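# Reading the structure
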Amino acid sequence: MLKLSEYYKTIADNLKVKYPVNEAQAIARFYICETLNLNDIEFFTRSGEFLNDKESELLKSKEERLYNMEPVQYVTGYAYFSGLKFKVNPDVLIPRQETEILVNEVIKNHKTEKNLNIIDIGTGSGCIAVSLAKNLPDARVYGIDISENALKIAEENAELNKVKIIFKHYDIFSESDFPLRQKFDLIVSNPPYITESEKKNMSNNVLKYEPPKTLFVPDTNP
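Residues numbered from 1 in each chain as written. Predicted model: local features only at pLDDT ≥ 70, side-chain atom pairs only at ≥ 80, totals over all residues. Heavy atoms only, no water.

Compared with the 18 Å implied by 1.5 Å per residue over 13 residues, the 18 Å span of helix 8 (residues 148–160) between its first and last C-alpha is a close match. Packed against the buried residues of helix 8 are strand 2 (84–87), helix 7 (127–135), strand 4 (140–145) and strand 5 (165–169). Lys162, located one to two residues past helix 8, shows a positive phi value of around 60 degrees. (Helix = DSSP H or I, 4+ residues; strand = E, 2+ residues; numbered from the N terminus. Expected span 1.5 Å × (residues − 1). Contact = heavy atoms within 4.5 Å.)

Below you can see the structure in the form of C-alpha coordinates.
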(Lines give C-alpha, C1' and ligand atoms only; values in the text may rest on other atoms or scores of the structure.)
Protein backbone atom coordinates (compact mmCIF):
# COMPACT_ATOMS: atom_id res chain seq x y z
CA MET A 1 0.00 0.00 0.00
CA LEU A 2 1.13 3.53 -0.77
CA LYS A 3 0.61 6.72 1.15
CA LEU A 4 -1.06 9.52 -0.81
CA SER A 5 2.17 11.55 -0.62
CA GLU A 6 4.16 8.62 -2.02
CA TYR A 7 1.75 8.15 -4.90
CA TYR A 8 1.85 11.89 -5.64
CA LYS A 9 5.67 11.82 -5.73
CA THR A 10 5.67 8.78 -8.04
CA ILE A 11 3.27 10.39 -10.51
CA ALA A 12 5.06 13.74 -10.43
CA ASP A 13 8.49 12.12 -10.92
CA ASN A 14 7.24 10.09 -13.89
CA LEU A 15 5.70 13.19 -15.47
CA LYS A 16 8.92 15.19 -15.12
CA VAL A 17 10.24 13.27 -18.13
CA LYS A 18 7.53 14.94 -20.24
CA TYR A 19 6.91 18.28 -18.49
CA PRO A 20 8.75 20.98 -16.52
CA VAL A 21 8.93 20.19 -12.79
CA ASN A 22 6.28 22.67 -11.63
CA GLU A 23 3.85 21.60 -14.34
CA ALA A 24 4.41 17.91 -13.58
CA GLN A 25 3.66 18.52 -9.91
CA ALA A 26 0.54 20.55 -10.72
CA ILE A 27 -0.76 17.81 -13.05
CA ALA A 28 -0.14 15.11 -10.44
CA ARG A 29 -1.94 17.07 -7.75
CA PHE A 30 -4.89 17.94 -10.00
CA TYR A 31 -5.20 14.31 -11.08
CA ILE A 32 -5.27 13.00 -7.52
CA CYS A 33 -7.67 15.66 -6.23
CA GLU A 34 -10.15 15.23 -9.08
CA THR A 35 -9.98 11.44 -9.13
CA LEU A 36 -10.48 11.13 -5.36
CA ASN A 37 -12.73 14.19 -5.06
CA LEU A 38 -10.42 16.01 -2.65
CA ASN A 39 -10.08 19.74 -2.11
CA ASP A 40 -6.71 21.42 -1.48
CA ILE A 41 -6.96 21.13 2.30
CA GLU A 42 -7.90 17.44 2.14
CA PHE A 43 -4.99 16.80 -0.23
CA PHE A 44 -2.54 18.06 2.40
CA THR A 45 -4.25 16.61 5.48
CA ARG A 46 -4.47 13.17 3.88
CA SER A 47 -0.93 13.18 2.47
CA GLY A 48 0.35 10.91 5.24
CA GLU A 49 -2.55 8.46 4.97
CA PHE A 50 -2.48 5.19 3.04
CA LEU A 51 -4.65 4.91 -0.06
CA ASN A 52 -7.24 2.18 0.24
CA ASP A 53 -7.60 -0.51 -2.44
CA LYS A 54 -10.47 1.24 -4.21
CA GLU A 55 -8.60 4.56 -4.38
CA SER A 56 -5.41 2.91 -5.63
CA GLU A 57 -7.29 1.02 -8.32
CA LEU A 58 -9.11 4.16 -9.45
CA LEU A 59 -5.90 6.19 -9.68
CA LYS A 60 -3.92 3.49 -11.46
CA SER A 61 -6.71 2.87 -14.00
CA LYS A 62 -6.08 6.20 -15.73
CA GLU A 63 -2.48 7.09 -14.96
CA GLU A 64 -1.15 5.67 -18.25
CA ARG A 65 -3.16 8.33 -20.08
CA LEU A 66 -1.18 10.98 -18.21
CA TYR A 67 2.11 9.40 -19.24
CA ASN A 68 0.94 9.52 -22.88
CA MET A 69 0.60 13.31 -22.41
CA GLU A 70 -3.16 13.35 -22.61
CA PRO A 71 -4.25 16.56 -20.83
CA VAL A 72 -5.19 15.87 -17.22
CA GLN A 73 -8.48 17.72 -17.75
CA TYR A 74 -9.54 15.15 -20.36
CA VAL A 75 -8.36 12.29 -18.16
CA THR A 76 -10.43 13.49 -15.21
CA GLY A 77 -13.24 14.96 -17.33
CA TYR A 78 -13.18 18.37 -15.66
CA ALA A 79 -11.51 21.77 -15.86
CA TYR A 80 -11.85 24.99 -13.86
CA PHE A 81 -12.47 28.46 -15.26
CA SER A 82 -13.40 31.73 -13.52
CA GLY A 83 -13.91 29.83 -10.28
CA LEU A 84 -16.42 27.44 -11.87
CA LYS A 85 -16.19 23.74 -12.72
CA PHE A 86 -16.69 22.57 -16.32
CA LYS A 87 -17.05 19.21 -17.98
CA VAL A 88 -14.58 18.74 -20.84
CA ASN A 89 -13.77 16.05 -23.38
CA PRO A 90 -11.80 15.96 -26.67
CA ASP A 91 -14.75 17.61 -28.49
CA VAL A 92 -13.97 20.93 -26.77
CA LEU A 93 -10.93 23.06 -26.15
CA ILE A 94 -9.71 23.03 -22.56
CA PRO A 95 -10.52 26.45 -21.03
CA ARG A 96 -7.44 28.64 -20.78
CA GLN A 97 -6.65 30.83 -17.80
CA GLU A 98 -5.81 33.79 -20.06
CA THR A 99 -9.34 33.71 -21.49
CA GLU A 100 -10.51 34.71 -18.01
CA ILE A 101 -9.06 38.16 -18.81
CA LEU A 102 -11.70 38.55 -21.54
CA VAL A 103 -14.50 37.42 -19.22
CA ASN A 104 -13.33 39.68 -16.40
CA GLU A 105 -13.20 42.71 -18.70
CA VAL A 106 -16.77 42.08 -19.90
CA ILE A 107 -18.03 41.72 -16.34
CA LYS A 108 -16.17 44.83 -15.16
CA ASN A 109 -17.41 46.99 -18.03
CA HIS A 110 -21.04 45.82 -18.05
CA LYS A 111 -21.91 44.77 -14.47
CA THR A 112 -24.24 47.75 -13.93
CA GLU A 113 -26.16 47.35 -17.20
CA LYS A 114 -29.55 45.66 -17.32
CA ASN A 115 -31.20 43.42 -19.94
CA LEU A 116 -28.10 42.88 -22.03
CA ASN A 117 -28.24 40.43 -24.94
CA ILE A 118 -24.84 38.71 -25.15
CA ILE A 119 -23.71 36.14 -27.71
CA ASP A 120 -20.63 33.93 -27.47
CA ILE A 121 -19.45 32.85 -30.93
CA GLY A 122 -17.65 29.48 -30.94
CA THR A 123 -18.80 28.70 -27.43
CA GLY A 124 -17.08 25.29 -27.16
CA SER A 125 -17.36 24.06 -23.57
CA GLY A 126 -19.48 27.12 -22.82
CA CYS A 127 -16.92 28.44 -20.33
CA ILE A 128 -17.25 32.08 -21.49
CA ALA A 129 -21.05 32.04 -21.83
CA VAL A 130 -21.58 30.24 -18.52
CA SER A 131 -19.18 32.52 -16.64
CA LEU A 132 -20.89 35.63 -18.02
CA ALA A 133 -24.34 34.29 -17.21
CA LYS A 134 -23.21 33.48 -13.67
CA ASN A 135 -21.75 36.94 -13.08
CA LEU A 136 -24.26 39.02 -15.06
CA PRO A 137 -27.55 37.46 -13.92
CA ASP A 138 -29.69 40.14 -15.60
CA ALA A 139 -28.19 39.39 -19.02
CA ARG A 140 -29.62 37.04 -21.62
CA VAL A 141 -26.74 34.91 -22.87
CA TYR A 142 -26.59 32.89 -26.11
CA GLY A 143 -23.92 30.61 -27.53
CA ILE A 144 -23.35 29.25 -31.02
CA ASP A 145 -20.91 26.65 -32.26
CA ILE A 146 -20.16 24.70 -35.43
CA SER A 147 -19.86 21.47 -33.42
CA GLU A 148 -23.00 19.70 -32.18
CA ASN A 149 -20.87 17.58 -29.85
CA ALA A 150 -19.40 20.72 -28.29
CA LEU A 151 -22.87 22.16 -27.79
CA LYS A 152 -23.90 19.06 -25.84
CA ILE A 153 -21.01 19.68 -23.43
CA ALA A 154 -21.89 23.39 -23.22
CA GLU A 155 -25.49 22.54 -22.33
CA GLU A 156 -24.30 20.17 -19.60
CA ASN A 157 -22.04 22.91 -18.22
CA ALA A 158 -24.88 25.42 -18.13
CA GLU A 159 -26.91 22.89 -16.16
CA LEU A 160 -23.94 22.02 -13.92
CA ASN A 161 -23.47 25.69 -13.02
CA LYS A 162 -27.21 26.44 -12.79
CA VAL A 163 -27.49 29.11 -15.48
CA LYS A 164 -29.86 29.49 -18.39
CA ILE A 165 -28.26 29.88 -21.82
CA ILE A 166 -29.72 29.41 -25.29
CA PHE A 167 -27.34 27.42 -27.49
CA LYS A 168 -27.65 27.10 -31.26
CA HIS A 169 -25.80 24.99 -33.83
CA TYR A 170 -24.45 27.33 -36.51
CA ASP A 171 -21.38 27.97 -38.67
CA ILE A 172 -20.67 31.70 -38.48
CA PHE A 173 -19.28 31.59 -42.04
CA SER A 174 -22.41 29.93 -43.38
CA GLU A 175 -24.66 31.75 -45.84
CA SER A 176 -27.74 30.14 -44.29
CA ASP A 177 -30.05 32.22 -42.10
CA PHE A 178 -28.73 33.10 -38.68
CA PRO A 179 -30.74 31.10 -36.10
CA LEU A 180 -31.35 34.01 -33.70
CA ARG A 181 -33.46 37.06 -34.49
CA GLN A 182 -32.74 39.54 -31.72
CA LYS A 183 -30.08 42.23 -31.74
CA PHE A 184 -27.06 41.80 -29.51
CA ASP A 185 -25.53 44.39 -27.22
CA LEU A 186 -22.32 42.43 -26.89
CA ILE A 187 -20.53 39.89 -29.07
CA VAL A 188 -17.85 37.84 -27.32
CA SER A 189 -15.55 35.28 -28.91
CA ASN A 190 -12.31 33.41 -28.40
CA PRO A 191 -11.86 32.09 -31.94
CA PRO A 192 -9.05 29.94 -33.38
CA TYR A 193 -6.02 32.12 -34.08
CA ILE A 194 -2.91 29.90 -34.26
CA THR A 195 -1.56 29.59 -37.80
CA GLU A 196 -0.76 26.15 -39.21
CA SER A 197 2.93 27.05 -39.45
CA GLU A 198 3.07 27.60 -35.70
CA LYS A 199 2.23 23.96 -34.98
CA LYS A 200 5.92 23.09 -34.88
CA ASN A 201 6.28 25.20 -31.73
CA MET A 202 3.50 23.45 -29.83
CA SER A 203 3.64 20.47 -27.50
CA ASN A 204 2.12 17.06 -28.17
CA ASN A 205 -0.37 17.27 -25.32
CA VAL A 206 -2.11 20.00 -27.36
CA LEU A 207 -1.49 18.71 -30.88
CA LYS A 208 -2.50 15.09 -30.25
CA TYR A 209 -5.57 15.62 -28.12
CA GLU A 210 -7.30 19.00 -28.49
CA PRO A 211 -9.67 19.58 -31.44
CA PRO A 212 -7.76 21.28 -34.32
CA LYS A 213 -10.80 23.33 -35.40
CA THR A 214 -10.69 25.19 -32.10
CA LEU A 215 -7.02 26.12 -32.46
CA PHE A 216 -5.76 26.53 -35.99
CA VAL A 217 -6.33 28.84 -38.94
CA PRO A 218 -4.70 28.77 -42.41
CA ASP A 219 -1.52 30.78 -42.83
CA THR A 220 -2.93 32.26 -46.04
CA ASN A 221 -6.21 33.43 -44.52
CA PRO A 222 -6.09 33.57 -40.72
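More follows now that the structure is in view.
This part is about the side chain of Glu100. Counting through the fold element by element, Glu100 comes out in helix 6 (residues 99–110). Beyond its immediate sequence surroundings of up to four residues, Glu100 is in contact with Phe81 and Ser82.

What follows deals with the layout of surface pockets. If you add up the space inside the largest pocket, you get close to 850 Å³. As for the largest pocket, its lining consists of 36 residues, and the residues nearest its centre are Gly122, Pro191, Pro192, Lys213 and Thr214. Of all the secondary structure elements, the ones that give two or more residues to the lining of the largest pocket are strand 3 (117–121), helix 7, strand 4 and helix 8. When grouped by side-chain class, the residues that make up the lining of the largest pocket number 19 nonpolar, 11 polar and 6 charged. Here the second largest pocket defines a volume of roughly 580 Å³. Lining the second largest pocket are 19 residues, and of these Phe30, Val72, Gln73, Ile94 and Pro95 sit closest to its centre. Residue assignment for the lining of the second largest pocket shows that the elements contributing at least two residues are helix 2 (21–36), helix 5 (72–76), strand 1 (78–81) and helix 9 (204–207). When residues of the lining of the second largest pocket are assigned to their parent elements, the largest contribution, 4 residues, is made by helix 2. When grouped by side-chain class, the residues that make up the lining of the second largest pocket number 11 nonpolar, 3 polar and 5 charged. (1 Å grid on protein atoms, 1.4 Å probe; cavity = no way out; pocket = protein on both sides within 12 Å on 5 of 7 lines; lining within 4 Å. Points joined across faces, edges and corners; volume = space filled by probe spheres on them. Nonpolar A, V, L, I, M, F, W, Y, C, P; charged D, E, K, R; others polar.)

Here the focus is helix 2. Helix length check: helix 2 (16 residues) gives 23 Å between terminal C-alpha atoms against 22 Å at 1.5 Å per residue, within 8%. Of the residues making up helix 2, those classed as buried are Ala24, Ile27, Ala28, Tyr31, Ile32, Cys33, Glu34, Thr35 and Leu36. At the exit of helix 2 stands Asn37, carrying a positive phi of roughly 60 degrees. (Buried < 20%, exposed > 50% of the residue type's maximum accessible area, 1.4 Å probe, protein only.)

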